[in-house]
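Chain by chain, the residues:
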Amino acid sequence: MRNDPFGQGRYEQGGAPRRRGLFGNVRWLILLGFAGYAAFYWFSNRVTDPYTGEKVLIDSSISVEEEKALGLQAYQEILSQERPVDPNSQIAQQVRTIAQRLINKIPEVEAAIAQERGTQPSGNWRTFDWDVNVIQSEQANAFCLPGGKMAVYTGLIPVAKNADAVAVVMGHEIAHALLRHGAQRMSQQKLTQIGQMAGAMSGMDPQQQQMVMAAMGYGYLLPYARTHETQADEVGLMLAAAACFNPQEAVPLWERMGEASGGQAPPEFSSTHPNPGTRIQNLTALMPKAMEYRNRFCKEAAAP
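Procedures and definitions
- Residues numbered from 1 in each chain as written.
- Predicted model: local features only at pLDDT ≥ 70, side-chain atom pairs only at ≥ 80, totals over all residues.
- Heavy atoms only, no water.
- Helix = DSSP H or I, 4+ residues; strand = E, 2+ residues; numbered from the N terminus.
- Buried < 20%, exposed > 50% of the residue type's maximum accessible area, 1.4 Å probe, protein only.
- Contact = heavy atoms within 4.5 Å.
- Areas by Shrake-Rupley, 256 points an atom, 1.4 Å probe, with all protein chains shown as cover.
- Salt bridge = Lys/Arg side-chain N within 4 Å of Asp/Glu carboxyl O.
- Core = buried A, V, L, I, M, F, W, Y, C linked by side-chain atoms within 4.5 Å.
- Axes fitted to C-alpha atoms, helices over the stretch in contact; angles between N-to-C directions.
- Parallel < 35°, antiparallel > 145°, perpendicular 65-115°, else oblique.
- Nonpolar A, V, L, I, M, F, W, Y, C, P; charged D, E, K, R; others polar.
- Disulfide = S-S within 2.5 Å.
- Expected span 1.5 Å × (residues − 1).
- Pairing = 2+ DSSP bridges.

Colleague: Looking at this structure, I do not really get the overall build of the protein. What am I missing?
Modeller: Tallying secondary structure elements over the protein gives 10 helices and 5 strands in all. Within the protein, buried positions represent 44% of all 304 residues. Long-range contacts, defined here as pairs at least 24 residues apart, represent 72% of the contacts in the protein between residues at least 6 apart. Roughly 15,700 Å² of accessible area belongs to the protein as shown, and the carbon and sulfur atoms make up 55% of that amount.

Written out as structure tokens, the structure is:
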């Protein structure tokens, strides 16, 4: 018979039901106590995201400055292990130019999105110390850490094929930092740790704890991560469009990204990212808005 993680419905070898007793009552009290603390933590650390207008979980103890410090530390560790190309090389200069065009449009895009959502712009980006490197690697990837530390891997260039597609990817990564997804992930991890402590202290065995955490992952953490990707797609696309790049390059880009992965992506329900088909569908739906942003904010004279 399958073990009950809450200790009920178990039977001794003789077939008689085992009495729950004091231990069973204590277990329930522990679980209820942790559940109450988790609920308190959840509701007391909810803030309005200026880019989505939604309530999100960000631990009040995680400041933008702390995020920046963690981002800088991670950036320095990555650069000590990876191989940045010569900053004076053509590819490095081109990537820095793309990044600067995107960064220059953050104030206008943030203000426009906040107005659409009925929120106030956060302006957190004003404290960012922007920096971008190109890293020699076969990975078709890029990142932007909290605080504005960015890198583009050389493996992305042949898949992207053009500056517009590179801008779509970099806009997406910048959007993660603007949306404070790093702080949200850290807050989610703390909530997960509360659940792990509850399981351990209530007497669940490791297998039962693993089952509970797997259920939490599929039901909460993975969908939350996919939501972050979708949000970054939207904000990043608007940034690229406002910076005079062609947002329509986003769809063929993700078609190529899907081909480059060889169809090896896991099913969407078990992945932190939307599958390429879902992503393309979402981006296609956003295209009219992106073109409106391009018409509204693009100053062709400012583009090199």
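Colleague: What's the story with the pattern of salt bridges in this structure? I'm lost.
Modeller: Where charged atoms of side chains with opposite charge meet at close range, the side chains can pair. One pass over the full model with this rule turns up 9 salt bridges. Note that Lys 68 and Glu 65 form a salt bridge whose closest N and O atoms lie 3.7 Å from each other. Linking Lys 68 with Glu 65, this pair stays in helix α2 (residues 64-81), spanning 3 residues, or about one helical turn. The exposure class of Lys 68 is buried, given its relative accessible area of 13%. The exposure class of Glu 65 is partly exposed, given its relative accessible area of 47%. Residue Glu 229 is joined to Arg 279 by a salt bridge in which the shortest nitrogen-to-oxygen separation is 2.9 Å. Of the two residues, Glu 229 is situated in helix α8 (residues 206-242) and Arg 279 in helix α10 (residues 276-297); the sequence distance between them amounts to 50 residues. Looking at Arg 279, the relative accessible area reads 3%, which means it is buried. Salt bridges here are not isolated pairs; linked through shared partners, they connect Glu 116, Arg 117, Glu 234 and Lys 289.

Colleague: How should the nonpolar core be read in this particular structure?
Modeller: Burial of nonpolar side chains together is a common tendency in soluble globular proteins. Grouped together as the largest cluster of nonpolar side chains are 57 residues, with contacts concentrated most on Leu 102, Met 170, Ile 174 and Leu 237. Top contributing element to this core by residue count: helix α6 (residues 163-178), with 10 residues. Within the second largest apolar cluster, 6 residues are counted, among which are Tyr 75, Ile 135, Leu 145 and Ala 151.

Colleague: Hey, could you run me through the packing of α6 against helix α9 (residues 250-260) in this one?
Modeller: The description of two packed helices rests on the angle between their axes and on the distance between the axes. Contact geometry for α6 and α9: axes closest at 9 Å, N-to-C directions at 80°. Classified by the angle between their axes, α6 and α9 sit roughly perpendicular to one another. Of the residues in α9, those touching α6 at Ala 165, Val 168 and Val 169 are Ala 250, Leu 253 and Arg 256. Here the contact of α6 with α9 is composed, by residue class, of 5 nonpolar, no polar and 1 charged.

Colleague: Hey, could you run me through the state of the cysteines in this one?
Modeller: Two cysteines, two sulfur atoms, one covalent bond between them: this is a disulfide. Inspection of the entire model under this criterion finds 1 disulfide. One disulfide bridge connects Cys 244 with Cys 298, the sulfur atoms lying 2.2 Å from each other. Measuring handedness by torsion sign, the sulfur bridge of Cys 244 and Cys 298 sits at about 115° and is right-handed. A residue pair is termed long-range when its members are at least 10 positions apart, and Cys 244 in the loop between α8 and α9 and Cys 298 in the segment after α10 qualify at 54 residues. Classification of Cys 298 by relative accessible area gives buried; the value is 14%.

Colleague: I keep staring at helix α4 (residues 106-117) and nothing clicks. Help me out?
Modeller: Owing to its 3.6 residues per turn, the α-helix aligns residues three or four sequence positions apart on the same side. For α4, with 12 residues, the first-to-last C-alpha span of 16 Å sits near the 16 Å given by 1.5 Å per residue. The complete set of buried residues in α4 reads Ile 106, Val 109, Glu 110, Ala 112, Ile 113 and Ala 114. Following α4 by one or two positions, Gly 118 has its phi on the positive side, about 75°.

Colleague: Any chance you could explain the pairing of strand β4 (residues 142-145) here in plain terms?
Modeller: Regular strands have side chains that alternate between both faces of the sheet. Across the two faces of β4 the burial is the same, with Ala 142 and Cys 144 and Phe 143 and Leu 145 all buried. Relative to strand β5 (residues 149-153), β4 is paired through 4 bridges, and the arrangement is antiparallel. Looking at β5, one finds that Ala 142 is bridged to Val 152. Taking the residues between adjacent antiparallel strands as the criterion, β4 and β5 are bridged by 3 residues, where Gly 147 takes a positive phi near 100°.

Colleague: Help me understand the sheet that holds β5, please; the structure alone is not making it clear to me.
Modeller: Sheet strands pair by backbone hydrogen bonding; their relative direction is either parallel or antiparallel. Reading across the sheet, the 3 strands line up as β3-β5-β4 and stay open at both edges, with mixed pairing between neighbours. Edge positions in the sheet fall to β3 (131-135) and β4, since each has one partner strand and no second. Averaged over all pairs of adjacent strands, the angle between their axes in this sheet comes to 15°, without regard to strand direction. Packing of helix α3 (residues 90-104) onto the sheet brings it into contact with β3 and β5, and relative to β3 it is tilted by some 145°.

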